[in-house]
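Structural description and commentary
These are the residues of each chain, in order.
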Amino acid sequence: QVQLVESGGGLVQPGGSLRLSCTVSGSISSISSMRWYRQAPGKQREWVATVTRSGGRYYADSVKGRFTISRDNAENTVDLQMSSLKPEDTAVYYCKVVALRNEYWGQGTQVTVSS
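All of the points below concern the structure found in this document. Predicted model, so just to flag it, every value in this text is computed and none were measured.

Bringing the overall build of the protein into the picture now. When helices and strands are tallied, the protein shows 0 helices and 11 strands. Helices (α) and strands (β) of the protein occur, in sequence order from the N terminus, as β-β-β-β-β-β-β-β-β-β-β. Its C-alpha atoms give the protein a radius of gyration of 14 Å, near enough to 13 Å, the size a compact globule of 115 residues would have. With respect to the three principal axes, the spread of C-alpha positions in the protein is 40 × 25 × 25 Å. Every one of the 115 residues in the protein was classed for burial, and the buried ones make up 42%. Of the contacts formed within the protein by residues at least 6 apart in sequence, a portion of 53% connects residues at least 24 apart. A total of about 6500 Å² of accessible surface is found on the protein, and carbon and sulfur atoms cover 43% of it. Charge centroids of the protein, computed over 13 positive and 9 negative side chains, lie 5 Å from each other.

Conventions used here
Residues numbered from 1 in each chain as written. Predicted model: local features only at pLDDT ≥ 70, side-chain atom pairs only at ≥ 80, totals over all residues. Heavy atoms only, no water. Helix = DSSP H or I, 4+ residues; strand = E, 2+ residues; numbered from the N terminus. Rg over C-alpha atoms; globule rule 2.2 N^0.38 Å. Buried < 20%, exposed > 50% of the residue type's maximum accessible area, 1.4 Å probe, protein only. Contact = heavy atoms within 4.5 Å. Areas by Shrake-Rupley, 256 points an atom, 1.4 Å probe, with all protein chains shown as cover. Lys, Arg positive; Asp, Glu negative; His and termini not counted. Charge placed at Lys NZ, Arg CZ, Asp CG, Glu CD.

Shown next as structure tokens:
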């Protein structure tokens, strides 16, 4: 059984930093990309960042220059380093693994940016 578990969320002040981690358990073959999404109350889930199998990294305009996505394939993890956080970044953050035949979602971790 494949399971994705996010960790690292919490309360942080504006301008602060957090590092989110997503750990994958179980076997997933032919992974093409690992991604982060977020969903704020009353809003649709939005894509945040992607790291591909070949190492390419892509970011939403709203987080570009502030967030960094990285992966540790040997340990089956994908991280999201967030800096210069804004109240608008407050959301539940979800990791997603895209494979050839399936995609998998974590349960999410809450990030609250508030003074």
